Structure formats: C-alpha cells, structure tokens
Amino acid sequence: FSGEVAKHISSFDDTEGEQAPSIYRMIEEICEQNELSLVKVKIYESGDVLRANLYFTGKIDLVLRNYRASDAIALAVFYKIPILVRKNLLKETMKA
C-alpha cells in the first residue's frame, strides 16, 4: 500500500463517527444517490501489480473493473465487506 492508504486503513478502527477520506466519501455519496451498496471486492494479479474489481448491488448490479487493489482493500476494510483473493496469490512465495 501507499503510505497514505495504509494510514487511512489503520485509522478506521480509531475513528468514532468521523467522515471517511474524501475519495471514499465520494463513493459513499454516489452509492447513496443511486441506491447502491458495495458488497465485495475481488483482488487479482495483472502483470506485476494487484488490481481489483468492486461489486455493487442495489437497483442495478454494477462492477467497476481494474482499480487499484490498495484503494479497494481500504474501502472493504472501512465498510467491513468481504475481500476475495485467489488462492494462488496467497500461496506464492517471496523471492529475496
């Protein structure tokens, strides 16, 4: 994660009714106005980076594809929704 995203993730447990960071607040407002809820994120590998699909449901089902995994994970942690990751990403070993 970037330092900024990591800071936001760590602050989620410490906040008591504070507003989410601005980009996350924007998503929340869009969801409220369109009666959508973020229900899960799926993390996947795309070349040498991790990307994510964000799944919304409500009046319609909507999938936002190919977003930064760090942002998707931050949203999932904030909203306490499932983060889905392929098993092969969890089993891969790091090379020193």
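As shown above, the structure is provided for reference.
Small disclaimer: the values here were computed from a predicted structure and weren't measured.

Draft legend 1. How the structure looks around the sheet that holds strand S2 (residues 49-58). An order of S3-S2-S1-S4 is seen for the four strands of this open sheet, with the pairing classed as mixed. The open sheet has two edge strands, strand S3 (62-68) and strand S4 (83-85), and neither has a second partner. Averaged over all neighbouring strand pairs, the angle between strand axes comes to 20°, with direction disregarded. On the sheet, helix H3 (residues 69-79) packs against strand S1 (36-46), S2, S3 and S4 and is oriented at approximately 145° with respect to S1.

Draft legend 2. How the structure looks around the pattern of salt bridges. Inspection of the entire model under this criterion finds four salt bridges. Note that Glu 29 and Arg 25 form a salt bridge whose closest N and O atoms lie 3.3 Å from each other. A residue pair is termed a helical-turn pair when its members lie 3 or 4 positions apart in one helix, as Glu 29 and Arg 25 do in helix H2 (residues 22-33) at four residues. Across the pair Arg 68 and Asp 71 runs a salt bridge whose closest N-O atoms are separated by 3.1 Å. Given the relative accessible area of 24%, Asp 71 is considered partly exposed. Each of Arg 25, Glu 28 and Glu 29 takes part in a single network of salt bridges with overlapping partners.

Draft legend 3. Region of interest: the packing of aromatic side chains. Summed over the entire model, instances satisfying the criterion amount to one aromatic pair. Ring geometry for Phe 78 versus Tyr 79: centroids 4.9 Å apart, planes at 90°, classification edge-to-face. On the basis of relative accessible area, Tyr 79 is assigned to the partly exposed category, the value being 28%. The ring of Tyr 55 is capped by Lys 40, whose NZ or CZ atom sits 5.0 Å from the centre of that ring.

Draft legend 4. Layout of the side chain of Asn 53. Structurally, Asn 53 is set in strand S2. For Asn 53, the side chain forms a polar contact with the main-chain nitrogen of Asn 66, separated by 3.1 Å.

Draft legend 5. Here's a closer look at the environment of Leu 64. Relative to the helices and strands, Leu 64 is located in strand S3. Take Leu 64: its relative accessible area is 27%, and that puts it in the partly exposed class. Measuring from C-alpha to C-alpha, the distance between Leu 64 and Asn 53 comes to 5.6 Å, with eleven residues separating the pair along the chain. Excluding its chain neighbours within four sequence positions, the residues that come into contact with Leu 64 are Ala 52, Asn 53, Leu 54 and Phe 56.

Reading the values: rules and limits
- Residues numbered from 1 in each chain as written.
- Predicted model: local features only at pLDDT ≥ 70, side-chain atom pairs only at ≥ 80, totals over all residues.
- Heavy atoms only, no water.
- Pairing = 2+ DSSP bridges.
- Helix = DSSP H or I, 4+ residues; strand = E, 2+ residues; numbered from the N terminus.
- Axes fitted to C-alpha atoms, helices over the stretch in contact; angles between N-to-C directions.
- Contact = heavy atoms within 4.5 Å.
- Salt bridge = Lys/Arg side-chain N within 4 Å of Asp/Glu carboxyl O.
- Buried < 20%, exposed > 50% of the residue type's maximum accessible area, 1.4 Å probe, protein only.
- Phe/Tyr/Trp six-rings, centres within 6.5 Å; stacked < 30°, edge-to-face > 60°.
- Lys NZ or Arg CZ within 6 Å of the ring centre and 35° of its normal.
- Polar contact = N/O pair within 3.5 Å; in protein donor to acceptor, adjacent residues only side chain to side chain.

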